[in-house]
Amino acid sequence: MKKAVLVAALLLSQISLVHAQAQSAALRQGHKDALDTNKNGVVERSEYQVYMQSAFTNLDKNKDGKLDKSEMGSVLTEAQFTATDVNGNGSLSQTEFMNRVMADFVSADQDGDGKLQ
Ligand SMILES: [Ca+2]
Ligand SMILES: [Ca+2]
Ligand SMILES: [Ca+2]
């Protein structure tokens, strides 16, 4: 749970000024609410995936279809960026980015039901 929440939380605080205001005791609940678009109290894999695809688009400030280190800002550390950049070309393709965040989802989904409670 911790790792996925962390990446999602960092992304949310990076790209969503509205939710950045909620950074306090309500942080986790606020992030979950942002991801839980159908408001059923759990974050389905599909909701997470849609959110992360839009996150990729929002982070890609120069709209070249990939994320370089400056665009990732404080979202990933140097080591995390390097680990995510599987082909080592210095930027994250959408595939590399999605593989990373969906792996986070899988590791967070400990009971394997495709939902984060
Ligand atoms: Ca949901
Ligand atoms: Ca870019
Ligand atoms: Ca790459």
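Residues numbered from 1 in each chain as written. Chains lettered and ligands numbered in written order. Predicted model: local features only at pLDDT ≥ 70, side-chain atom pairs only at ≥ 80, totals over all residues.

## Some remarks on the overall build of the protein
Next up, step 1: From N to C terminus, the protein includes seven helices and four strands.
Next up, step 2: Mapped from its N terminus to its C terminus, the protein presents α and β elements in the order α-α-α-β-α-β-α-α-β-α-β.
Next up, step 3: Residues classed as buried in the protein amount to 20% of the 117 residues present. (Helix = DSSP H or I, 4+ residues; strand = E, 2+ residues; numbered from the N terminus. Buried ≥ 20, exposed ≤ 12 C-beta atoms within 10 Å, placed from the backbone.)

## Description of helix H4 (residues 45-59)
Next up, step 1: Compared with an ideal rise of 1.5 Å per residue, which puts 15 residues at 21 Å, H4 spans 21 Å between its outermost C-alpha atoms and is within 8% of the ideal.
Next up, step 2: Buried residues of H4: Tyr48, Tyr51, Met52, Ala55 and Phe56, and no others. For H4, the arc enclosing every buried residue in end-on projection is 145 degrees, short of the 170-degree limit, so these residues lie on one face. Seen from the buried face of H4, the exposed residues on the opposite side, beyond 90 degrees, are Ser46, Ser54 and Thr57. (Expected span 1.5 Å × (residues − 1). Arc of directions from axis to C-beta.)

## Here we look at helix H7 (residues 94-108)
Next up, step 1: Over its 15 residues, H7 extends 21 Å from the first C-alpha to the last, a length consistent with the 21 Å expected when each residue adds 1.5 Å.
Next up, step 2: All of the buried residues along H7 are Phe97, Val101, Asp104 and Phe105. Looking down the long axis of H7, one finds its buried residues gathered within 100 degrees of arc, a one-sided arrangement. Exposed residues on H7 whose side chains face more than 90 degrees from its buried face are Thr95, Val106 and Ser107.

## Description of the packing of H4 against H7
Next up, step 1: The geometry of H4 relative to H7 is characterised by a closest axis approach of 10 Å and an angle of 145 degrees between their N-to-C directions. In the crossing of H4 with H7, the sense of the turn from one axis to the other is right-handed. Between H4 and H7, the contacting residues are Arg45, Tyr48, Gln49, Met52 and Phe56 on the first element and Gln94, Phe97, Met98, Val101, Met102 and Phe105 on the second. (Axes fitted to C-alpha atoms, helices over the stretch in contact; angles between N-to-C directions. Left-handed = near helix turned anticlockwise from the far one by under 90°. Contact = placed C-beta atoms within 7 Å.)

## Concerning the nonpolar core
Next up, step 1: The biggest cluster of nonpolar side chains holds 14 residues, and the ones touching the most others in it are Tyr48, Met52, Phe56, Leu67 and Phe97.
Next up, step 2: In contact with Phe56, not counting residues within four places along its chain, are Leu67, Gln94 and Phe97. (Core = buried A, V, L, I, M, F, W, Y, C linked by C-beta atoms within 7 Å.)

## Quick look at the environment of Phe56
Next up, step 1: Within the secondary structure, Phe56 sits in helix H4.
Next up, step 2: On the basis of neighbour count, Phe56 is assigned to the buried category, with 21 C-beta atoms found within 10 Å.

## Observations concerning the UniProt feature "domain: EF-hand" (unreviewed entry) in the protein
Next up, step 1: The UniProt feature table records "domain: EF-hand" (unreviewed entry) at residues 47-82.
Next up, step 2: As annotated, residues 47-82 comprises 61% helix and 8% strand, and the C-alpha atoms at either end are separated by 26 Å. (UniProt positions renumbered as here; feature names shortened; annotations may be inferred.)

## Things to note about the environment of Asp33
Next up, step 1: Assignment of secondary structure puts Asp33 in helix H3 (residues 27-35).
Next up, step 2: Among the residues examined, Asp33 registers 15 C-beta atoms within 10 Å and is labelled partly exposed.
Next up, step 3: Distance from Asp33 to Val43, taken between C-alpha atoms, is 8.6 Å for residues 10 residues apart in sequence.

## Focus: the environment of Asp36
Next up, step 1: Within the secondary structure, Asp36 is located in the loop between H3 and strand E1 (43-44).
Next up, step 2: Once the C-alpha coordinates of Asp36 and Ser46 are considered, the two residues, 10 residues apart in sequence, prove to be 9.9 Å apart.
Next up, step 3: Here Asp36 is in contact with Gly41, Val42, Val43 and Glu47, once residues within four sequence places are set aside.

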